[in-house]
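Observations on chain architecture
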Amino acid sequence: MSPHAPSSRLKVSGMCFLLQMLIIILFAVFVRYSPNGSPGLCSARLNCSSRRNPGPGSSHLRSWNVHLQTLMGFGFLMVFLGRYRMESAATCLLVTAFAIQWALLIQGFFYSFQNGKIYMETQSMVSAVFCAGAVLVSTGALLGWGNPLQLLLMSLLEVPLFSANEYVLLHLIGVSDGGGSLTVHTFGAYFGLALSWILRQDHAGKREQQQDTGHSPDVLAAAGTVCLWIFWPGFVSAAMVPASVEPWTELNTYVAMAASTLATFVMSPLLHKDGTPCMCQVQDATVAGAVVMGTAGEMLLAPFGALVAGFLAGLIPPLSSRFFAPTLLHKLSIQDARCIHGVHSVPGILGTLLGVLLAALATADAYGDRLQLAFPHIADGSRTATYQALCQLCALPVTLLFAVLGGSVTGAILKIKGLGSPLATSCLENKTLQEGSREQQASGEELSGSTSV
């Protein structure tokens, strides 16, 4: 055990205590429950017209889907490293628990701050969980070598940047991105990659040994994939449409996930000699198919279009893992522990560009009453379809700017002496290997005993 381990544990404990006390005080001063029927600012993700008639009980059901998807889908998605299963599970829960609380405050100041108070409602929690999802995506770049103290501070800084980027895109520019292809996945991925690049010197010499191959069987990956199929379509539709409307988002997401799953069975056997993809690869393809529908899910995308987009997205993770991840590691010194570039960022960009194309083709005749849900600015006549498409396109460099600069600044802050590597990776790895060796030895003794009998 590292001689610095006791002080490191005290740092994590002290930081958790200070942050929780700070949030409790801020909640006591600012946060109140929103009274029924009170006029509030619209959420960043659900336009005003759809929120006025959400349907009985729909908000609570959708909130339930969002929570389950984030905790189980995203959580099991991150629990993949053979050497760090339990450590990564605990880290993801720590990040999620803090990010949700912090996002309720930060987003409350953006969207529901009136008369000196933040009025919290069910949709506030949905938006906060979306923010926590972006933080978990960023966490994927640091799993296995980032420590809890660094990840807590990353969450502290990333949540305000995510909220600012989301506010600029969805309120000031007027972008349609209810499922978060751009605001959640692209932002979270490039924030994490920029942060990893800045921190690379603190872990020089350890990166290659910690790169996951993606071939170890993992029952948690199977559980996470099932959760993705069950909850992700409801997760994205929670922010886009009321319960009384036909869920195009859910239908398109299911179709895209199905096509992306088959895509990995097409590509992985061509790239790897061991044939059938493992569950981690299937999980990555499932996520990529869902991510690509984040922007375009509620737009007028025919079923065959969702199939094409999902299939293309499913090809990206195995190709990225095989060719691009080694380049990031060896040429750019970027440790992408969870291959978030191929799973989140590239499918997110693909979904954004798909949204640009569909916005340019949007017409009132084609959409009918649903034009208000997909493109409210076109529906009210304040924008043309071409102008909306340009806004959708301009949102991409804005997000990349927020993500890369924010991740770089955060990385520079986390390199401050005393914050780096309080839980040494080598210690965790040695401990895990020793436990595995003892288990194998015990199994061998049991086998030899039964043979002798």
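Higher on the page you've got the structure.
Residues numbered from 1 in each chain as written. Predicted model: local features only at pLDDT ≥ 70, side-chain atom pairs only at ≥ 80, totals over all residues. Heavy atoms only, no water.

Remarks on the side chain of T225
So the rule is basically this: Runs of E in the DSSP output that reach at least two residues are strands. Runs of H or I that reach at least four are helices, and both are numbered from the N terminus. The contact definition used throughout considers only heavy atoms, calling two residues in contact when any of these lie within 4.5 Å.
Following the sequence through the fold, T225 ends up in helix α9 (residues 219-237). Not counting chain neighbours up to four residues away, the residues in contact with T225 comprise M279, V282, Q283 and T286.

Topic: the packing of aromatic side chains
Aromatic ring pairs are defined here through the distance separating the ring centres and the angle between the ring planes. Our working rule: The rule is short: rings of Phe, Tyr and Trp, with Trp giving its six-membered ring, pair when the centres are within 6.5 Å, and they are stacked under 30 degrees, edge-to-face over 60, tilted in between. For each residue, the accessible area found with a 1.4 Å probe, counting protein chains only, is set against the maximum for its type, and the residue is called buried under 20%, exposed over 50%, and partly exposed in between. Geometrically, a lysine NZ or arginine CZ counts as sitting over a ring once it is within 6 Å of the ring centre and also within 35 degrees of the ring normal.
By the definition in use, this model includes ten aromatic pairs. Plain terms: the ring middles of F110 and Y167 are 5.3 Å apart, the flat faces sit at 40° to each other, and that makes the pair tilted. Of this pair, F110 sits in helix α4 (residues 85-111) while Y167 sits in helix α6 (residues 148-173); the two residues are 57 residues apart in sequence, bridging distant segments of the chain. Look at F110 and you get partly exposed, because its relative accessible area is 29%. Classification of Y167 as partly exposed rests on a relative accessible area of 26%. Ring pairs connect the aromatic residues F30, F109 and F113, which therefore count as one cluster. For R322, the ring lying beneath its charged end belongs to F323, and the centroid distance is 5.3 Å.

Points about the packing of helix α14 (residues 340-360) against helix α18 (residues 385-414)
Quick reminder of the rule: An axis is simply a line fitted to the C-alpha atoms; with a helix, the fit covers only the stretch in contact. Between two such axes, the angle follows the N-to-C directions and lies from 0 to 180 degrees. By the definition adopted for this analysis, an angle is roughly parallel if under 35 degrees, roughly antiparallel if over 145, roughly perpendicular if from 65 to 115, and oblique otherwise. Less than a right angle of anticlockwise turn of the near helix away from the far helix marks a crossing as left-handed, whereas a clockwise turn marks it as right-handed. In the scheme used here, Gly and all other residues not listed as nonpolar or charged are polar, with Ala, Val, Leu, Ile, Met, Phe, Trp, Tyr, Cys and Pro taken as nonpolar and Asp, Glu, Lys and Arg as charged.
At a closest axis distance of 7 Å, the pairing of α14 and α18 adopts a crossing angle of 165°. By the angle between their directions, the pair α14 and α18 is classed as roughly antiparallel. When you trace α14 past α18, the crossing you get is left-handed. Only A385, Q388, A389, Q392, L393 and L396 of α18 make contact with α14, whose side of the interface consists of I349, T352, L353, G355, V356, A359 and A360. Here the residues of the contact of α14 with α18 are counted per class, giving nine nonpolar, four polar and no charged.

Thoughts on helix α13 (residues 303-330)
How we decide: A helix is expected to span 1.5 Å multiplied by its residue count minus one. Here the bend at a residue is taken as the angle between two axes, fitted respectively to the seven residues that end there and the seven that start there.
Its 28 residues give α13 an end-to-end C-alpha distance of 40 Å, which sits within 8% of 40 Å, the value for a rise of 1.5 Å per residue. Along its length, α13 reaches its greatest deviation from straightness, about 55°, at S320.

What to know about the environment of L353
Inspection of the secondary structure puts L353 in helix α14. The exposure class assigned to L353 is partly exposed, which follows from its relative accessible area of 41%.

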